[in-house]
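# Tertiary structure, described
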Amino acid sequence: MENHQLSISSATNSSFTVRDKHDTAFSPTATITVDPEAQLEKGDATTTDTPAAAGPPDGGYGWVVVACCFLNNFAMLGIMFSWGIFQQLYSTDIFPGKASSVSWIGTLAFGFMYICGGCFSMFAARIGYRKMICTGSFLVGGGLVAASFSSEIWQLYLSQGILFGIGAAMANPCVLAAPAQWFVRRRGMASGIAISGSGIGGLVFSVVIEKMNASIGHRWCLRVLGIVVFCSMMTSGTFIRQFNNSGKRAVSVSMADVQIMKQPAFIIMVSGVLLTSFGYFSPLNLLPSYAVDHNLSQAQGAMINSFLNGASFFGRFAGGIFGDRFGLVNLTLCCVAASALTTLVIWMFATSLPVLLVYVILYGLMGGGFISLLAPVLAEQFGVSNLTILVGVTFGVNGLGSLLGTPIATAILATAGANNYKPSIAFIGGVMALASCVFFVLKLKVGGKQVRAH
């Protein structure tokens, strides 16, 4: 076969010359001139897509993005995952006898974060991550400060619940999607590191909140937390960057996204996420009260919550690494199944501090792995082009379960009476066991381990 050689020489501005030395079907020299500004005015995607066509760098500035996401998750989610400390305080000291009503405060925060996150992911994809996270920082920090002046439960619903949750919803899709956009080979590890910030944050804030409540009171505690989370989120939003392999700074919803959401694999996945979410957050919210009701101190209840968040850090970090090695779908299935098993076998019969610590460590490891794997699974199966939107929709579905799961478990507890947690634990473990069956179907559908270049 005759070898064709092309030489490209730069011309003035955006012109370039192409010479084909051997192909007689074309003129020896052809000069093509491109005016970038004119192309942009016409909406031509060619000139804007070219610079990023090489795909994710699998490193570089991506590590800065991972650090930004870690910091955001450390403060924002770390405080959310320490909600059980406030729930126990509100239920016993501030609003005694109103445990069921109090449980809705944290539930509203989690629910609004995930459900509204599905809608905000579309705005994030269009206007960029920086604006979304920085705007959310005002709402999250403001919600905590407003809660410090609240004297009624409904006021806490609006401040520590809804306002905090909406602010978190603006940031959460961005920090979940960003690491997976910058990596391919290390995608699971990058996402795991980023989301593990919530585990470290929960570990730190569980202890800090309990100490501050005792020393300066819960009102000043909320104000300090508001300042900390505002500064952390603003720093994260300032340096985070969005990567899209089409080369565009922002993307929008297209029919391709709708078609992806109609795929059986996507429907199966979000069904499994929905079932898991009904049980996933309930241990985090109920364990501090469970400890006190089983003759442990409030400090020991806070310690249990801290151990759970600490184990969650290792689970989220390790989940991404092992997911890259053994298959993201495989490990997701294992994490959900193990979470259900430990809940039904260990927590169901735990009455002492050592047994509870064993449970929260195992549950934290498995549950943390599940959360860290969702964005990488979406990227692996459906690509990164509009990952922000797919992550938002998936976690929006997750929000529906988190919004209803803890109140259902609390209502079952109130019906059972006499501090009988077993029916609630059976509900929590049962829905996650059912979810593991759904993820097994997903494994059969798409395979447990595969590598795709996006």
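Residues numbered from 1 in each chain as written. Predicted model: local features only at pLDDT ≥ 70, side-chain atom pairs only at ≥ 80, totals over all residues. Heavy atoms only, no water.

## Quick word on the overall build of the protein chain
- Secondary structure summary: the protein chain contains 17 helices and three strands in total.
- Across the 454 residues that make up the protein chain, the buried fraction comes to 54%.
- Nonlocal contacts in the protein chain, meaning residues at least 24 apart in sequence, comprise 81% of its contacts between residues at least 6 apart.
- Roughly 18400 Å² of accessible area belongs to the protein chain as shown, and the carbon and sulfur atoms make up 67% of that amount. (Helix = DSSP H or I, 4+ residues; strand = E, 2+ residues; numbered from the N terminus. Buried < 20%, exposed > 50% of the residue type's maximum accessible area, 1.4 Å probe, protein only. Contact = heavy atoms within 4.5 Å. Areas by Shrake-Rupley, 256 points an atom, 1.4 Å probe, with all protein chains shown as cover.)

## Overview of the environment of D293
- Looking at the secondary structure, you find D293 in helix α12 (residues 282-293).
- In sequence terms D293 and Y421 are 128 residues apart; their C-alpha atoms lie 9.7 Å from each other.
- Here D293 is in contact with N419 and Y421, once residues within four sequence places are set aside.

## Points about helix α16 (residues 387-416)
- Relative to the 44 Å expected for 30 residues at 1.5 Å per residue, α16 spans 43 Å between its end C-alpha atoms, a close match to the ideal helical length.
- At G405, α16 shows its strongest bend, of approximately 25 degrees, with the proline P407 following within four residues. (Expected span 1.5 Å × (residues − 1). Bend = angle between axes of the 7 residues up to and from the residue.)

## Things to note about the nonpolar core
- Ranked by internal contacts, the top residues of the largest apolar core, which has 120 residues, are Y90, L225, I240, I304, W347 and F370.
- In this structure, F370 is in contact with V273, T276, Y280, T332, C335, V336 and F439, ignoring residues within four places of it in sequence. (Core = buried A, V, L, I, M, F, W, Y, C linked by side-chain atoms within 4.5 Å.)

## Brief notes about the packing of helix α15 (residues 353-382) against α16
- Running from N to C, α15 and α16 point in directions that differ by 130 degrees, and their axes come no closer than 10 Å. When the axis of α15 is compared with that of α16, the two are oblique. Judged by the sense of rotation from one axis to the other, the crossing of α15 with α16 is right-handed. Two secondary-structure elements touch here, α15 through I371, L374, A375, L378, A379 and F382 and α16 through L387, L390, V391, T394 and F395.
- Grouping the amino acids of the contact of α15 with α16 by side-chain chemistry returns 10 nonpolar, one polar and no charged. (Axes fitted to C-alpha atoms, helices over the stretch in contact; angles between N-to-C directions. Parallel < 35°, antiparallel > 145°, perpendicular 65-115°, else oblique. Left-handed = near helix turned anticlockwise from the far one by under 90°. Nonpolar A, V, L, I, M, F, W, Y, C, P; charged D, E, K, R; others polar.)

## Here's the deal with the side chain of S339
- Position of S339 among the secondary structure elements: in helix α14 (residues 328-345).
- What makes S339 buried here is its relative accessible area of 3%.
- Aside from chain neighbours lying at most four places away, what touches S339 is Y363, M366, G367 and M432.

## Details of the packing of aromatic side chains
- Applying the stated rule across the entire model yields 21 aromatic pairs.
- Ring geometry for F74 and F205: centres 5.5 Å apart, planes at 50 degrees, overall tilted. One end of the pair, F74, is in helix α3 (residues 62-80); the other, F205, is in helix α8 (residues 187-215), and 131 residues separate them in sequence.
- Owing to a relative accessible area of 22%, F74 belongs among the partly exposed residues under this scheme. (Phe/Tyr/Trp six-rings, centres within 6.5 Å; stacked < 30°, edge-to-face > 60°.)

## Here we look at unusual backbone geometry
- In this model, N295 sits at a positive phi of 70 degrees, which is unusual for a non-glycine residue.
- With respect to the helices, strands and loops of the structure, N295 is situated in the loop between α12 and α13 (298-326).

## Examining the side chain of H218
- Along the polypeptide, H218 turns up in helix α9 (residues 218-239).
- Not counting residues within four places of it along the chain, the set of residues in contact with H218 comprises L89, Y90, I94 and N213.

## Describing a nonpolar patch on the surface
- A grouping of W104, I115, L400, L404 and I408 is seen on the molecular surface, where their side chains present a nonpolar patch of about 350 Å² in accessible area.
- Residue assignment for the nonpolar patch shows that the elements contributing at least two residues are α5 (99-127) and α16.
- If one sorts the elements of the nonpolar patch by residue count, α16 sits on top with three residues.
- Mapped onto the elements, L400 comes out in helix α16.
- On the basis of relative accessibility, which here comes to 38%, the residue L400 falls in the partly exposed class. (Patch = residues over 30% accessible without salt bridge, like charges linked within 9 Å, V, L, I, M, F, W, Y side chains within 5 Å. Salt bridge = Lys/Arg side-chain N within 4 Å of Asp/Glu carboxyl O.)

## Notes on α15
- Compared with the 44 Å implied by 1.5 Å per residue over 30 residues, the 44 Å span of α15 between its first and last C-alpha is a close match.
- Residue L373 marks the point of greatest curvature in α15, where the axis turns by about 35 degrees; the proline P376 follows within four residues.
- Positive backbone phi, at 90 degrees, marks G383, one or two positions downstream of α15.

## Some details on the packing of α3 against α9
- Look at α3 against α9: their axes get within 9 Å of each other, and the N-to-C directions meet at 160 degrees. Judged on the interaxial angle alone, α9 and α3 are roughly antiparallel. Read as a crossing pair, α3 and α9 show a hand that is left-handed. Note on element contacts: α9 touches α3 through L225, V229, S232, M233, T235, S236 and F239, opposite V64, C68, C69, L71, N72, A75, M76 and I79.
- Across the contact of α3 with α9, the residue classes tally to 11 nonpolar, four polar and no charged.

## Quick word on the confidence of the model for the protein chain
- Per-residue confidence for the protein chain averages 80 on the pLDDT scale, and 82% of its residues sit at or above 70.
- Within the protein chain, α9 carries the highest mean pLDDT (95), whereas helix α1 (residues 36-42) carries the lowest (35).
- Low pLDDT, under 50, characterises residues 1-53; the predicted model gives this stretch 57 contacts beyond four residues in sequence or across chains.
- Throughout residues 247-252 the model reports pLDDT below 50, and contacts reaching past four residues in sequence, or to other chains, amount to 19 contacts. (pLDDT = per-residue confidence, 0-100.)

## Remarks on the environment of K443
- By the element assignment, K443 lies in helix α17 (residues 422-446).
- When the C-alpha positions of K443 and I268 are compared, they lie 9.9 Å apart, and in sequence the two are 175 residues distant.

## Side note on the state of the cysteines
- Evaluation of the coordinates by the stated rule reveals zero disulfides.
- Not engaged in a disulfide, the cysteine C68 finds its nearest cysteine sulfur in C69; these two sulfurs lie 6.7 Å apart. (Disulfide = S-S within 2.5 Å.)

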